[in-house]
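Fold and geometry: a report
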Amino acid sequence: MTENKIYLDYAATTPVDPRVTKAMLPYFSKKFGNTMSLHSFGQEAKQALEESREMVADLMGAKPNGIIFTSSATESNNLVLKGIAFANKAKGRHIIISSIEHPCIMESAKWLETQGFEITRLKVDKYGFVNPDDVKKAIKKETILVSIIHASNEIGTIQPIEEIGKICKDYNPPTTLPAEGGAPRVYFHTDATQSFGKIPIDVNKMNIDLLSASSHKMYGPKGVGCLFVREGTKIEPILHGGGHEGGLRSSTVNVPGIVGFAEACKICKMEMKKEAQRLTKLRDKLIKGILKKIEDVHLNGNPKKRLPNNANFWFSFVEGESLVIQLDLLGIAASTGSACATVKLEPSHVLLAIGLKPQEAHGSLRLTLGRWTKEKDIDYVLKVLPGIIKKLREISPLKK
Ligand SMILES: Cc1ncc(COP(=O)(O)O)c(C=O)c1O
């Protein structure tokens, strides 16, 4: 990592792996063609694009032609919600999400309400789990889409995606309208931005119709994402133009970025198992150490069913932003919650959804580990954090 600094905010973004940078470099200069051009420059770029599609598809057990490249997970998630809503509104106008989705799902859903769609936001339990039975109960004949985040960007909770996907797949609508083109009537989407590349995903085994991911969360470059779209899915584009990406996402294709994303996927596939074991060990050392050394601290999320790299706590009588600043002064980069929520300074909707009071949610700290996290980094955090908490509590107006 950067000299003498400890980066524990890998859920916000990751550095680009040097192997990824190396793979991308030729596509900025020598191999700069437009994938739509007929000449050799274009064909070279097109070949790189299609090979990249295969590599990304391979990491989720999909067919290459099911992968659409986008600019981000935000774009992929917008495309799913709006694209499915507008393509299927004749069948129904009901969409189900959870109450702990990323803001790009929450806000897209809110906007769809202004367009006449009905949104059900499912509650979660104290660990942040969606109950599959609640999905079953919420589905009705007007339901066109269920979208549930795979792993929480804040508390790391991993949802029972396979079970939820099966419920959507098995749903037989009590209606005369047949499912078209062999596709299921209730599409199932998962936002896998935090899980893709970290834990195994198989879109077929897990009954997933649509899946969003983002390159910069997995050691690839920023500005690239993907959407898996199962064959036969009815979806409208939101970017209209030259018909790139099977007509679903017009715009000149970002070849260097996509090549980098694909290389990042290849590396994750090779290293996932070992890396997940390594990070789980470090994460558990961190969690155990913090719970042991500090009083009045609580782990947010489930102790076991969480991402290998995620630890999230709330500390009584501590203000999260002050804590992050104090840690930064000692060379540790952490966060209070999701990077997107920091601009709002409102308590996290995820922490409120798992039952924290606003004041408690304000005392949260997210530490997310990654490829360059070492055991000595965890030891350093465990050494300095108790002192910082003590100091903040001493000056806290919250403590009587
Ligand atoms: C779960 C989740 N979904 C979506 C996004 C948005 O990703 P991007 O930065 O690629 O737009 C993020 C980023 O923080 C995320 O964690």
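Residues numbered from 1 in each chain as written. Predicted model: local features only at pLDDT ≥ 70, side-chain atom pairs only at ≥ 80, totals over all residues.

1. Concerning the pairing of strand β7 (residues 210–214)
Burial runs high along β7: five of the five residues are buried. By the alternation rule, side chains of β7 split into L210, S212 and S214 and L211 and A213, which are all buried. By the bridge criterion, three bridges tie strand β6 (residues 187–191) to β7 in an arrangement that is parallel. Bridge pairing links H189 to L210 in β7. Note that β7 and strand β8 (residues 225–229) share five bridges and pair antiparallel. Of the residues in β8, the one forming a bridge with A213 is C226. (Buried ≥ 20, exposed ≤ 12 C-beta atoms within 10 Å, placed from the backbone. Helix = DSSP H or I, 4+ residues; strand = E, 2+ residues; numbered from the N terminus. Pairing = 2+ DSSP bridges.)

2. Looking at the packing of helix α7 (residues 255–293) against helix α11 (residues 375–394)
Contact pair α7 / α11: the axes reach a minimum separation of 10 Å and the direction vectors enclose 15 degrees. Regarding the angle of α7 to α11, the classification is roughly parallel. For the element pair α7 and α11, the recorded crossing hand is right-handed. Residue-level contacts link L282, K285, L286, G289, I290 and K293 of α7 to E375, I378, V381, L382, L385 and P386 of α11. Of the residues belonging to the contact of α7 with α11, the class tally is eight nonpolar, one polar and three charged. (Axes fitted to C-alpha atoms, helices over the stretch in contact; angles between N-to-C directions. Parallel < 35°, antiparallel > 145°, perpendicular 65-115°, else oblique. Left-handed = near helix turned anticlockwise from the far one by under 90°. Contact = placed C-beta atoms within 7 Å. Nonpolar A, V, L, I, M, F, W, Y, C, P; charged D, E, K, R; others polar.)

3. Some words on the confidence of the model for the protein
Per-residue confidence for the protein gives a mean pLDDT of 94, with 94% of residues at or over 70. Here residues 178–183 scores under 50 on pLDDT; set against residues more than four positions off or in separate chains, the count is eight contacts. (pLDDT = per-residue confidence, 0-100.)

4. A closer look at the site of the ligand
Of all residues adjacent to the ligand, which total 15 residues, the nearest are S72, A73, T74, N153 and S214. Looking at the shell around the ligand residue by residue, the class counts come to five nonpolar, nine polar and one charged. For the shell around the ligand, the domains that each give at least three residues are domain 1 (6–13 + 272–393) and domain 2 (18–266). (Near = placed C-beta within 6 Å. Domains from an automatic or database assignment.)

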